[in-house]
Amino acid sequence: MNKYLERLVNGLFKENPTFVLMLGMCPTLAVTTSAINGVGMGLSTAVVLVASNVIIAALRKFIPNTVRMPYFIVVVASMVTIVQLLLQAYVPSVNEALGIYIPLIVVNCIIFGRVEAYAAKNKVGLSLFDGIGMGLGFTIALVLIGSFRELLGAGTIFNFRVMPESFEPIAMFIKPPGAFLVLAMLTALQNKFKLPSATNGSAKASALACGGDCASCSGETYAANHAANLEKPNKDKDLRKED
Amino acid sequence: MNDYLVNLLLILISAAFINNVILSQFLGICPFLGISNKIKSAVGMGLAVIFVITTASILCSLVFQYILSPMELEYLQTIVFIIVIAALVQFVEMVVKKFSPTLYDALGVYLPLITTNCAVLGVALLNVENGFDLVESIVNGFASALGFTISIILMAGIRERMAYNNIPKTFKGFPITLVTATLMAMAFYGFAGLV
């Protein structure tokens, strides 16, 4: 695969900053009360990230290694200030909705993480695409979480009514506790897919997602799966013998 | 004078409980999730944060009122504040290391982590946004940090007990901590409308 395209895919999926790396949790929780806020925050962060990545990559040979952190801070903070001024001038509503979380992009660990780990060691072109990939990955994650919270908390997505009129919005989801709950479920799901389970292959009982604790499991199906699974290793052995 | 004191008290309660930095403003989530395993380290982190946020509030407030504001350079606040905070943390670390090794042992490891803690910059920016004067900024900074300390210690206490519970494997670690945070945020939401 083309190495520039690879950078984009890497940021969007393989190392998605929110879903996989779990970086930048503060803005993720704070501004995702609606899908539109997610877009605003995601794109602002993406612009700062792309600009900082390009500048640092271009200057990487001139920045002394021992004092690189102050350089990075100044570059990132300048980019954030520029973005903030642009938002104030052209989209004041977004600036109003996001408030202090715009200047707080400075301390977003995604930016420092990418600048330190990637842009400081790679060429300008690659760093540009790395910034775009990571920025878009962050934007998509924020929009997804924002849409979900807006759907349950207000019954709308991007202010379009999606739920029927009879739907009583669960206001908690657009309040602070909802943010924590959504993220909790998201990380739990992530663990669920990462851990081997009784239904996907010949995992050892102790490595199963349910802990192999079938005595306390009320689901008989799972117990049955588990029992079938325990026999599997032998089957696998038999198959190998035939080969 | 009396009105002013009442105002300060309201800022204190509002910053520590109603607008709790972690549970309602989502500032400083990383240390809240990362260093809340044990009560002892949570207390250390909390004390370090109280010290740094209060000092940073004083410095940033002074810089804004006497340097940036008269020279009409308000738009530089983000850059200036982050530099002030980074320098402050470095300086505090060096001073504490030199003069009080015991304190350094207790706080040392947490100090570098605080530079990237968005609560410090967030509180400094909120002070400016709300138009607080120097004393109000100090009170707001101290109270916000107090709110941070209260929540991180509460969380550490709960997590220490949770270590003995039988938690589904998928929920171990981050997820169950976040569910706990959800319940804490709901409880703190009860303070809304107090002031």
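**Q** How would you summarise the side chain of Thr 156 of chain A if you had to cite specific residues and measurements?
**A** All names here are of chain A. Assignment of secondary structure puts Thr 156 in strand β1 (residues 156-157). Engagement of the side chain of Thr 156 in a polar contact is seen with the side chain of Glu 150, the distance being 2.9 Å. For Thr 156, the contacting residues outside a window of four places in its chain are Ser 147, Glu 150, Leu 151, Arg 161 and Val 162.

**Q** Any chance you could break down the confidence of the model for chain B for me, citing the residues and the numbers?
**A** Residues and elements named next belong to chain B. The predicted model of chain B averages 87 in pLDDT, with 96% of residues at 70 or higher. Ranking the elements of chain B by mean pLDDT puts helix α6 (residues 111-115) last with 70 and helix α8 (residues 134-162) first with 94. Across the assembled chains, the prediction reports ipTM 0.85 with pTM 0.82.

**Q** Let's hear about the packing of helix α3 (residues 35-59) of chain A against helix α7 (residues 124-154) of chain A: which residues, and what values?
**A** Helix packing for two helices is described by the angle between their axes and how far apart those axes are. Residue and element names in this part refer to chain A. Contact geometry for α3 and α7: axes closest at 8 Å, N-to-C directions at 165°. Classified by the angle between their axes, α3 and α7 sit roughly antiparallel to one another. Once α3 is placed against α7, the crossing between them reads as right-handed.

**Q** Provide a residue-level description of the packing of aromatic side chains, including the pertinent values.
**A** The full count for this structure, using the stated rule, is 5 aromatic pairs over all chains. Between Phe 148 of chain A and Phe 173 of chain A, the ring centres sit 6.5 Å apart and the planes meet at 85°, which makes this aromatic pair edge-to-face. One end of the pair, Phe 148 of chain A, is in helix α7; the other, Phe 173 of chain A, is in the loop between β2 (160-161) and α8 (176-194), and 25 residues separate them in sequence. Owing to a relative accessible area of 41%, Phe 148 of chain A belongs among the partly exposed residues under this scheme. An angle of 45° between the planes, with centres 5.1 Å apart, marks the rings of Phe 17 of chain B and Phe 191 of chain B as tilted.

**Q** Describe the nonpolar core, and please don't skip the residues or the numbers.
**A** Ranked by size, the top nonpolar core spans 93 residues in total, and within it Leu 104 and Phe 180 of chain A together with Ile 29 and Leu 121 of chain B carry the most contacts. In terms of residues, this core owes the most to one element, helix α3 (residues 39-68) of chain B, which gives 12 residues.

**Q** Residues and numbers for α7 of chain A, please.
**A** Taking 1.5 Å as the rise per residue, α7 of chain A with 31 residues should run 45 Å; its terminal C-alpha atoms sit 43 Å apart, in good agreement. Phi for Gly 155 of chain A, located one or two positions after α7 of chain A, is positive at around 80°.

So, how was this worked out
Residues numbered from 1 in each chain as written. Chains lettered and ligands numbered in written order. Predicted model: local features only at pLDDT ≥ 70, side-chain atom pairs only at ≥ 80, totals over all residues. Heavy atoms only, no water. Helix = DSSP H or I, 4+ residues; strand = E, 2+ residues; numbered from the N terminus. Polar contact = N/O pair within 3.5 Å; in protein donor to acceptor, adjacent residues only side chain to side chain. Contact = heavy atoms within 4.5 Å. pLDDT = per-residue confidence, 0-100. Axes fitted to C-alpha atoms, helices over the stretch in contact; angles between N-to-C directions. Parallel < 35°, antiparallel > 145°, perpendicular 65-115°, else oblique. Left-handed = near helix turned anticlockwise from the far one by under 90°. Phe/Tyr/Trp six-rings, centres within 6.5 Å; stacked < 30°, edge-to-face > 60°. Buried < 20%, exposed > 50% of the residue type's maximum accessible area, 1.4 Å probe, protein only. Core = buried A, V, L, I, M, F, W, Y, C linked by side-chain atoms within 4.5 Å. Expected span 1.5 Å × (residues − 1).

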